[in-house]
Amino acid sequence: MELARVFDGKKFMWDGRVYTDEKERREMAQKYKDDGFEVEMIEEGGEYFLFTRRVVKEVVVEGAPPI
């Protein structure tokens, strides 16, 4: 399985798991969505693969700026 795929022009990363149980796949997809991720799912040969992405909305920088 590829580590990344493009859906609608957006890059998604594979979560690294192979799901054979539909209920487990749905629950994990919902957990990702609840955590602020966009989720895409593909099915190949009875196995399901989740791809996720999340846009960074805030960057926190610590310390003084360089001079």
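Given the structure is predicted, the values throughout are model-derived calculations rather than measurements.

A. The sheet that holds strand β4 (residues 47-53), seen in detail. As summarised here, the arrangement of the four strands in space is β1-β2-β4-β3, forming an open sheet in which the pairing is antiparallel. Strands at the two margins of the open sheet, each flanked by one partner only, are β1 (4-7) and β3 (38-44). With strand direction ignored, the average angle separating the axes of adjacent strands in the sheet is 35°. In terms of strand pairing, β1 meets strand β2 (residues 10-14) through four bridges, oriented antiparallel. Within β2, the residue paired with Phe7 across the bridge is Lys10. Lying over the sheet, helix α1 (residues 22-34) contacts β3 and β4, oriented at roughly 0° with respect to β4.

How each quantity is defined
Residues numbered from 1 in each chain as written. Predicted model: local features only at pLDDT ≥ 70, side-chain atom pairs only at ≥ 80, totals over all residues. Heavy atoms only, no water. Pairing = 2+ DSSP bridges. Helix = DSSP H or I, 4+ residues; strand = E, 2+ residues; numbered from the N terminus. Axes fitted to C-alpha atoms, helices over the stretch in contact; angles between N-to-C directions. Contact = heavy atoms within 4.5 Å.

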